[in-house]
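Reading the structure
Residues per chain are reported as follows:
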Amino acid sequence: MLLRRHIALLYFLTILLAPLDAQLLYQVSGNSAQAKSYILATNKLVDMTFADTIPNVFKCFGECNKVLTEFAMQDYEALAVLRQAAILPDSVKLSNFYSESQYRFIDESLQLTLGMGLAQLARMKPSYLTEMYRTELFKKWLNYDEQRSMEAFFQAVAQERNMPVYGLDDIGETMFMIFDREPFHWQCEELSKVIEYPEREVKQESTIRDMYLQGRLTDIAFQVAAPDNQSTISFSDYQVYCQRNRQWVKRLAPYLHEGKAFIVLDCIYLGGDKGLLAQLRNAGYKVKPVNRR
């Protein structure tokens, strides 16, 4: 409990000490756009109240008439499809991919952390179990609160204001990214590793969160893409994200042409020479920080 209090104190100190010119909000114009649009970098571990510290973010949001994000979370039918997609086919048994001792270790660890073991969860895909386990780690050690996450905040506000929210990925692509972007045996290995080395996940996500609070999007890209990154979101995942960024530029085109789009995306997608901001510039858009002095 004392450690968690120290972590919470460090989190709020980081917010207070963040540079005033931290760049998390960007304006997109040019390339025949009829009006300005905006891109906001988010981090799911950051409380929604942090938005109050980003100058002009609510002013820019108020100028927009639509929200775009990776996946429209208020699409309840799509969420139901995703939950169904998390279930293993009847022909696949998780126990076939682990030794008896490994299976028992995973079972005991899931029971300890999630309150459920493989008796209840063995029908779920290992990528889903990995994400469940990571989420509980972040709740315990990094004070993650799904209900107060900045990641979902603007989607919720848009819904209250009857603003349309569009996902950049369709349901099939979202399912691929969550469940199938890695071969099944890699997913099994990843589940085993995240349970055996939880400190890697906590350290990596804590580092990314601190960089986010300082507006260091390029550093975040380097942190994720580093060959020595041993967390579950690693170099190979980053390559997939970069490829998807190129597709997102094409999908954003009609919304950017119309303008007044408020684009909310996780910070790991935006920075670096292969990030979405750079790829939008390469496509001919003018992308500049809103709050640069």
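Residues numbered from 1 in each chain as written. Predicted model: local features only at pLDDT ≥ 70, side-chain atom pairs only at ≥ 80, totals over all residues. Heavy atoms only, no water.

We now examine the pairing of strand 3 (residues 66-69). Going residue by residue along strand 3, you find Lys66 and Leu68 tucked away on one face and Val67 and Thr69 tucked away on the opposite face as well. Two elements, strand 3 and strand 5 (residues 261-266), share four bridges in a ladder whose sense is parallel. Looking at the pairing, lysine 66 lines up with alanine 261 of strand 5. As paired strands, strand 3 and strand 4 (residues 165-167) are joined by three bridges and run parallel to one another. Paired with leucine 68 across the two strands is tyrosine 166, which belongs to strand 4. (Buried < 20%, exposed > 50% of the residue type's maximum accessible area, 1.4 Å probe, protein only. Helix = DSSP H or I, 4+ residues; strand = E, 2+ residues; numbered from the N terminus. Pairing = 2+ DSSP bridges.)

For the rest of this paragraph, the subject is helix 6 (residues 126-141). Over its 16 residues, helix 6 extends 22 Å from the first C-alpha to the last, a length consistent with the 22 Å expected when each residue adds 1.5 Å. Packing partners of the buried residues in helix 6 comprise helix 4 (100-114), helix 5 (118-121), helix 8 (171-180), helix 9 (184-196) and helix 10 (198-213). The positive-phi residue at the C-terminal boundary of helix 6 is asparagine 143, with phi of around 60°. (Expected span 1.5 Å × (residues − 1). Contact = heavy atoms within 4.5 Å.)

Our focus in this paragraph is the packing of helix 6 against helix 10. The interhelical angle for the contact between helix 6 and helix 10, taken along N-to-C directions, is 65°, at an axis separation of 10 Å. In this structure, helix 6 meets helix 10 at a crossing whose hand is right-handed. Residues Arg134, Leu137, Phe138 and Trp141 of helix 6 form the contact with helix 10, whose own contacting residues are Pro198, Glu201, Val202 and Glu205. Tallied by class, residues from the contact of helix 6 with helix 10 come to five nonpolar, no polar and three charged. (Axes fitted to C-alpha atoms, helices over the stretch in contact; angles between N-to-C directions. Left-handed = near helix turned anticlockwise from the far one by under 90°. Nonpolar A, V, L, I, M, F, W, Y, C, P; charged D, E, K, R; others polar.)

Our next topic: the side chain of serine 109. Tracing the backbone through its elements, the reader meets serine 109 in helix 4. The class for serine 109 is buried, based on a relative accessible area of 11%. In contact with serine 109, not counting residues within four places along its chain, are Tyr133 and Ile195.

The next thing to look at is the pattern of salt bridges. Where charged atoms from two side chains of opposite charge approach closely, those side chains can pair. Under the criterion given, the structure shown has 17 salt bridges. Linking glutamate 189 and lysine 193 is a salt bridge whose minimum nitrogen-to-oxygen distance equals 3.1 Å. Here the residue glutamate 189 and the residue lysine 193 both occupy positions in helix 9, the gap between them amounting to four residues, near one helical turn. Accessibility expressed as a relative area gives 39% for lysine 193, which makes it partly exposed. The partner of aspartate 210 in a salt bridge is arginine 209, and the shortest N-O contact between them spans 4.0 Å. Aspartate 210 sits in the partly exposed class, given a relative accessible area of 25%. (Salt bridge = Lys/Arg side-chain N within 4 Å of Asp/Glu carboxyl O.)

To continue, consider the environment of alanine 225. Note on placement: alanine 225 falls in helix 11 (residues 217-225). Residue alanine 225 is classed as buried on the basis of its relative accessible area, which comes to 15%. Separated by 11 residues in sequence, alanine 225 and serine 236 have C-alpha atoms that sit 8.0 Å apart.

If you look at the biggest cluster of nonpolar residues, it comprises 59 residues, and the most contacted ones within it are Tyr212 and Phe262. Considering every element that reaches this core, the biggest residue donor is helix 12 (residues 235-258), with seven residues. Beyond its immediate stretch of four places on either side in the chain, phenylalanine 262 contacts Leu25, Tyr38, Leu40, Val57, Cys60, Phe61, Cys64, Lys66, Val67, Leu68 and Phe154. Listed in part, the 28 residues of the second largest apolar core include Leu82, Tyr98, Ala122 and Leu137. (Core = buried A, V, L, I, M, F, W, Y, C linked by side-chain atoms within 4.5 Å.)

Below, the discussion takes up the sheet that holds strand 5. If you walk across this open sheet you meet the six strands as 4-3-5-2-1-6, and the pairing is mixed. Edge positions in the sheet fall to strand 4 and strand 6 (286-289), since each has one partner strand and no second. Put simply, the sheet's adjacent strands are angled 25° from each other on average, direction ignored. Two strands pair when backbone bridges link them, and strand 1 (residues 25-29) and strand 6 are joined in this way by four bridges, in the antiparallel orientation.

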